[in-house]
Amino acid sequence: QLQACGGGLIQAGGSLRLSCAASGRTFSSYSMGWFRQAPGKEREFVARISRNGGSTAYADSVKGRFTISRDNAKNTVYLQMNSLKPEDTAIYYCAADYGVVFVTTPSEYEYWGQGTKVTVSS
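Residues numbered from 1 in each chain as written. Predicted model: local features only at pLDDT ≥ 70, side-chain atom pairs only at ≥ 80, totals over all residues. Heavy atoms only, no water.

A. Layout of the overall build of the protein. For the protein, the helix and strand inventory stands at zero helices and 11 strands. Traced from its N-terminal end to its C-terminal end, the protein shows the element sequence β-β-β-β-β-β-β-β-β-β-β. Over its C-alpha atoms the protein spans a radius of gyration of 13 Å, differing by no more than 12% from the 14 Å that the globule rule assigns to 122 residues. Once the C-alpha set of the protein is aligned to its principal axes, its extents read approximately 40 × 25 × 25 Å. Among the 122 residues that make up the protein, the fraction classed as buried is 43%. (Helix = DSSP H or I, 4+ residues; strand = E, 2+ residues; numbered from the N terminus. Rg over C-alpha atoms; globule rule 2.2 N^0.38 Å. Buried < 20%, exposed > 50% of the residue type's maximum accessible area, 1.4 Å probe, protein only.)

So this is what it looks like as structure tokens:
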């Protein structure tokens, strides 16, 4: 089970850190990803981190502004979001993938959190 939190209302240019806590003892066996879905749009890939945190990948739209990280001792994955823009407004979801191949398609992820809403005002 994944529980995401940390969303909120923030002005453009500000920062937020999302957290996603996982239950169970196998968190370190999963690559983790963050996705987002804006109103009227499809869910899109934001970032991914490998099982041990040694490898990360980002969507071009967030590269250089967002940082994904994880703490396997706390069963938690984070998304630090800086220099936020109104177009970052969406519901953000964390997801877990048992595979090791880098994938960005939502259907490749086995488990999903409930989402946390981020609203960036201009």
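B. Broad picture of the packing of aromatic side chains. Under the defined criterion, the tally for this structure stands at eight aromatic pairs. Ring centres 5.3 Å apart and planes at 65° place the aromatic pair Tyr30 and Tyr98 in the edge-to-face group. On the criterion of sequence distance, the pair formed by Tyr30 in the loop between β3 (16–22) and β4 (31–37) and Tyr98 in the loop between β9 (90–97) and β10 (111–112) is long-range, its members being 68 residues apart. On the accessibility criterion, Tyr98 (47% relative accessible area) is partly exposed. Ring geometry for Phe35 versus Tyr109: centroids 4.9 Å apart, planes at 80°, classification edge-to-face. With Phe35 in strand β4 and Tyr109 in the loop between β9 and β10, the pair connects residues that are 74 residues apart, well separated along the chain. (Phe/Tyr/Trp six-rings, centres within 6.5 Å; stacked < 30°, edge-to-face > 60°.)

C. Highlighting the sheet that holds β3. What the four strands build is an open sheet, ordered β1-β3-β8-β7; its pairing is antiparallel. In this open sheet, the two strands that pair with only one neighbour each are β1 (2–5) and β7 (66–71). Ignoring which end each strand starts from, the neighbouring axes of this sheet average 15° apart. Here β1 runs beside β3; their pairing, made up of four bridges, is antiparallel. (Pairing = 2+ DSSP bridges. Axes fitted to C-alpha atoms, helices over the stretch in contact; angles between N-to-C directions.)

D. Focus on the nonpolar core. Counting residues in hydrophobic clusters, the biggest one holds 33 residues, and the most contacted among them are Trp34, Leu79, Met81 and Tyr92. Counting only elements with at least two residues in this core, the list comes to β1, β3, β4, β5 (44–49), β7, β8 (76–81), β9 and β11 (116–121). Counting residues per element, this core draws most heavily on β9, at five residues. (Core = buried A, V, L, I, M, F, W, Y, C linked by side-chain atoms within 4.5 Å.)

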